[in-house]
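Secondary and tertiary structure notes
Single-letter residue listing:
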Amino acid sequence: MRNVILLSLVGLSLLSCQHTPKTEFPLGQHPLIGCWENETALERESWKYDPHALIIGYAESRDTKGNVTFSEFMYLNRSNEPEVLEVTGQDNSKTRFTRRKTDDAYEFRFENPDHDYPQVIMYTRSGDALNAYISLMDGTKRVNFDKKKCKIPFNKRKFNGN
């Protein structure tokens with residue numbers, strides 16, 4: 001009887017240490033998915049769902065004439081635990097960031113302390129807003145990117161000078 005009680009207590013203690021399962025969002029409804037733009041609509045970020053456990057993203061900035069001045073490609077591999085965000089810059093350099101869980105299922109914090117800059121990429125989804133920032137691990141050199149759902153597709157947008 002003593003062994004049964006001991007085994008029960010060990011089992012209960014193991015359950016309390018159990019890994020919290022990751023939040024699963026309905027297919028195609030992950031908080032990053034969508035088209036997001038800043039106030040001027042010259043900075044955009046788009047994310048789409050891929051059936052191979054990926055969420056694929058693309059970010060770009062344009063000048064007022066519509067010329068691309070910055071671009072990067074991203075994918076979030078959700079089949080890994082922890083999830084991995086890989087960013088390919090416009091110079092074709094690739095950097096991997098590992099997701100660090102927060103208490104909020106709508107926050108996505110990715111870190112790579114070995115990268116020069118940024119070392120942290122943080123996304124927070126709130127309603128029709130997708131806010132983000134990049135920084136160093138200690139929070140310095142922070143740059144904010146606050147975006148709302150896209151209103152006008154780029155191919156329908158009128159740029160100055162065109």
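Just above sits the structure.
Below, the structure is looked at part by part. Because the structure is a prediction, the values reported are computed rather than measured. (Residues numbered from 1 in each chain as written. Predicted model: local features only at pLDDT ≥ 70, side-chain atom pairs only at ≥ 80, totals over all residues. Heavy atoms only, no water.)

Considerations on the sheet that holds strand β10 (residues 143–149)
Pairing in this closed barrel of ten strands is antiparallel, and the strands run β1-β2-β3-β4-β5-β6-β7-β8-β9-β10 around the ring. Each neighbouring strand pair of the sheet contributes to a mean axis angle of 25°, computed without reference to strand direction. (Pairing = 2+ DSSP bridges. Helix = DSSP H or I, 4+ residues; strand = E, 2+ residues; numbered from the N terminus. Axes fitted to C-alpha atoms, helices over the stretch in contact; angles between N-to-C directions.)

Points about the pattern of salt bridges
It is possible for side chains bearing opposite charge to pair when their charged atoms get close. The tally for this structure, following the rule as stated, stands at eight salt bridges. Arg99 is paired through a salt bridge with Glu83; the nearest N and O atoms lie 2.8 Å apart. Highlighted residues: Arg99 in strand β6 (residues 94–100) and Glu83 in the loop between β4 (68–77) and β5 (84–89), separated in sequence by 16 residues. Each member of the pair, Arg99 together with Glu83, is buried. A cluster of three or more residues bridged by salt bridges with shared partners is formed by Arg78, Glu83 and Arg99. (Salt bridge = Lys/Arg side-chain N within 4 Å of Asp/Glu carboxyl O. Buried < 20%, exposed > 50% of the residue type's maximum accessible area, 1.4 Å probe, protein only.)

Examining the layout of surface pockets
Estimates place the volume of the largest pocket at around 510 Å³. Forming the walls of the largest pocket are 26 residues, and the residues nearest its centre are Phe70, Glu72, Val87, Pro118 and Ile134. For the lining of the largest pocket, the per-class residue count stands at 13 nonpolar, six polar and seven charged. (1 Å grid on protein atoms, 1.4 Å probe; cavity = no way out; pocket = protein on both sides within 12 Å on 5 of 7 lines; lining within 4 Å. Points joined across faces, edges and corners; volume = space filled by probe spheres on them. Nonpolar A, V, L, I, M, F, W, Y, C, P; charged D, E, K, R; others polar.)

Description of unusual backbone geometry
In this structure, the amide linkage connecting Tyr117 to the following residue, Pro118, adopts the cis form with an omega of -5°. On the secondary structure map, Pro118 appears in the loop between β7 (107–111) and β8 (120–126). Unlike most non-glycine residues, Ala41 shows phi in positive territory, near 65°. As for its position among the elements, Ala41 is in the loop between β1 (34–37) and β2 (43–50). Judged by its relative accessible area of 10%, Ala41 falls in the buried class. Its identity is not glycine, yet Asn92 carries a phi of approximately 70°, on the positive side. Among the secondary structure elements, Asn92 is positioned in the loop between β5 and β6.

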